[in-house]
Amino acid sequence: MPHDGHDHTDPPDDLTLRVKALESLLVEKGLVDTAALDVVIETYEHKIGPKNGAKVVARAWVNPKFMAVIKEDCSTVIDQEFGYKGRQGEHIMAVENTPDVHNVVVCTLCSCYPWTVLGLPPVWYKSAPFRSKVVQDPRGALAEFGTTIADDKEIRVWDSTSEMRYLVIPERPAGTEGWSEDQLRALVTRNSMIGVEEAKSPETDL
Amino acid sequence: MNGPHDLGGQHGLGPINPEPEAQEPVFHEDWERRTFALTLTCGMLGQWNIDEGRYARERQHPVDYLSNTYYENWLAGLETLLVEKGLVTAEELLTGVAEGKAEGYRVPDVDATRKILASGGPTRIQSDLKPSFSVGDKVRVINQNPLTHTRAPRYTRNHTGTIEFGHGVHVFADANAHGRHEGVHLYAVRFEADELWGEEAAGGPVYVDLWEPHLEPV
């Protein structure tokens, strides 16, 4: 078991015991292959994450044709170009931030999120405070991330109620003219692809 | 159902309190990691679909749903489905002792698991079904209060929006959660902030994906 910061002389807590008991019951009944559990964990803990999405955004910033295509059907083209496909990424559409529009994504009903490009969602995305607040008060919600959106900019909130998944393409930061996709990728954060922050600025964040 | 999961527009739930992105691990506790993996692998046994999975979590008592952490809700949902679908008995769950091997299930091995993760579960259906609505049409969300699963959030009910675009025919989640696999047209509907929240609304438009049975013409 990986070290998780707990003193190993502590007795395990109730949840640890409950999940261990369930896992051993399912293994004993022959309903679960433990090697398959490891595949699932390895995939989402180490292989799939927001680095995937950052590659998609960087390409969209340098390639207007690619940007146009991913706003219609992102899933097909990112499978072709990057091999990103699978669960919770079957039907992705990109939504582009512009000088007039800022997009932010939520799932008010559960935790729907584009796994193939962003990995598993952070705790705050799955929790009641963000899910309840951002649809009614997006500026207030974004302020909790230190993000201020100009009053004259329209904030569009995308509530992921179906199996469609939305990926925000943040605005390309100023001062990055001539940058390569590899250089640009470093400016793209997970939070900027959910829409709660802007992309990093080369002047202030790098 | 008008459950505790339907959170859009609720107040008093506290600060968002985001953990800094660079410091947040994928899992915070080992039991979360195991619960996540058990939920996915048990789902691959094919005994329930994603909407039944969601419905199992949101059927919990509202006090439990809201006081649980995220993966506690997953764990509760998984236990519910395992018993309801007859994969384990309530007694086995309580004692942790298997009464016997489960027979007749195809348990994915490592290769099958990789394939299932990579293929996902597309919900778009090729269909000749004609859409009832076009881009730009005004629609109203029906006023419904089903005891069953619905993906039409409460804050949209009886409110008027505009069809922003059609997504084609998709599996209808509200029926799928109860074992009925039906394809209907799905749309992104734009609701203006003042329509949803009143004249004092400070926000912007909200886009919600809704299926044709949720909508009526205006």
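Residues numbered from 1 in each chain as written. Chains lettered and ligands numbered in written order. Predicted model: local features only at pLDDT ≥ 70, side-chain atom pairs only at ≥ 80, totals over all residues. Heavy atoms only, no water.

Engineer: How would you sum up the overall build of chain A? Please name residues and give values.
Structural biologist: The secondary structure content of chain A amounts to 11 helices and four strands. Seen through its principal axes, chain A has C-alpha atoms that stretch 55 × 40 × 35 Å. Long-range contacts, defined as pairs at least 24 residues apart, comprise 66% of the intrachain contacts of chain A with a sequence gap of at least 6. Summed over all atoms, the accessible surface of chain A reaches about 8400 Å², with 49% contributed by carbon and sulfur. For chain A, the distance from the average site of its 22 positive side-chain charges to the average site of its 33 negative ones is 3 Å. (Helix = DSSP H or I, 4+ residues; strand = E, 2+ residues; numbered from the N terminus. Contact = heavy atoms within 4.5 Å. Areas by Shrake-Rupley, 256 points an atom, 1.4 Å probe, with all protein chains shown as cover. Lys, Arg positive; Asp, Glu negative; His and termini not counted. Charge placed at Lys NZ, Arg CZ, Asp CG, Glu CD.)

Engineer: Residues and numbers for the interface of chain B and chain A, please.
Structural biologist: Each side of the interface is counted separately: chain B has 93 residues, and chain A has 75 residues. The three residues of chain B that bury the most area against chain A are I16, E21 and Y207 of chain B, which together make up 10% of that side's buried surface. At the surface where chain B touches chain A, the tally comes to six salt bridges. K29 of chain A is the salt-bridge partner of E92 of chain B, the closest N and O atoms lying 2.8 Å from each other. Inspection of the region where chain B meets chain A yields 35 residue pairs in polar contact (both at pLDDT 80 or more). Take the side of chain B that touches chain A: its biggest share by element is 11 residues, from helix α1 (residues 30-43) of chain B. Two elements, strand β3 (residues 154-159) of chain A and strand β4 (residues 206-211) of chain B, share three bridges in a ladder whose sense is parallel. Looking at the pairing, D159 of chain A lines up with V208 of chain B of β4 of chain B. (Buried area = accessible area lost by both parts, 1.4 Å probe. Salt bridge = Lys/Arg side-chain N within 4 Å of Asp/Glu carboxyl O. Polar contact = N/O pair within 3.5 Å; in protein donor to acceptor, adjacent residues only side chain to side chain. Pairing = 2+ DSSP bridges.)

Engineer: Explain the pairing of β4 of chain B to me, using residue names and the numbers behind them.
Structural biologist: Residue and element names in this part refer to chain B. Burial analysis of β4 places six of its six residues in the buried class, which makes it a mostly covered element. Inspection of the sheet shows strand β3 (residues 183-191) paired to β4 by six bridges, in the antiparallel sense. Residue pairing for β4: V189 is matched across the bridge by V208. (Buried < 20%, exposed > 50% of the residue type's maximum accessible area, 1.4 Å probe, protein only.)

Engineer: Give a description of the environment of V188 of chain A that names residues and reports values.
Structural biologist: Residue and element names in this part refer to chain A. Here V188 shows up in the loop between α10 (181-185) and α11 (190-194). Classification of V188 by relative accessible area gives buried; the value is 10%. Here the alpha-carbon distance between V188 and T76, two residues 112 residues apart in the chain, equals 22 Å. The contacts of V188, once residues within four sequence positions are left out, are A54, V57, W61 and M193.

Engineer: If you had to explain the sheet that holds β4 of chain B to someone new, which residues and values would you point to?
Structural biologist: Reading across from one edge, β2(A)-β3(A)-β4(B)-β3(B)-β2(B)-β1(B)-β5(B) is the order of the seven strands in this open sheet, with mixed pairing throughout. Of all the strands in the sheet, the pair left with one neighbour each is β2 (101-106) of chain A together with β5 (215-217) of chain B. Taking each pair of neighbouring strands and ignoring which way they run, the sheet shows an average axis angle of 35°. Examined bridge by bridge, β2 of chain A and β3 of chain A share six bridges and lie parallel to one another. Bridge pairing in β3 of chain A links V104 of chain A to V157 of chain A. (Axes fitted to C-alpha atoms, helices over the stretch in contact; angles between N-to-C directions.)

Engineer: If you had to explain the nonpolar core to someone new, which residues and values would you point to?
Structural biologist: Grouped together as the largest cluster of nonpolar side chains are 114 residues, with contacts concentrated most on V56, I78 and F130 of chain A together with F36 of chain B. For this core, the leading source of residues is helix α4 (residues 70-84) of chain B, giving seven residues. (Core = buried A, V, L, I, M, F, W, Y, C linked by side-chain atoms within 4.5 Å.)

Engineer: Report on α4 of chain B, specifying residues and quantitative values.
Structural biologist: Residues and elements named next belong to chain B. With 15 residues, α4 should reach 21 Å at 1.5 Å per residue; the first-to-last C-alpha distance of 21 Å fits that figure. Across the 15 residues that make up α4, a large majority, 12, are buried. Of all the positions in α4, only Y70, Y71, E72, N73, W74, L75, A76, G77, L78, E79, L81 and L82 are classed as buried. After α4 finishes, the residue G86 shows a positive phi value of roughly 80°. (Expected span 1.5 Å × (residues − 1).)

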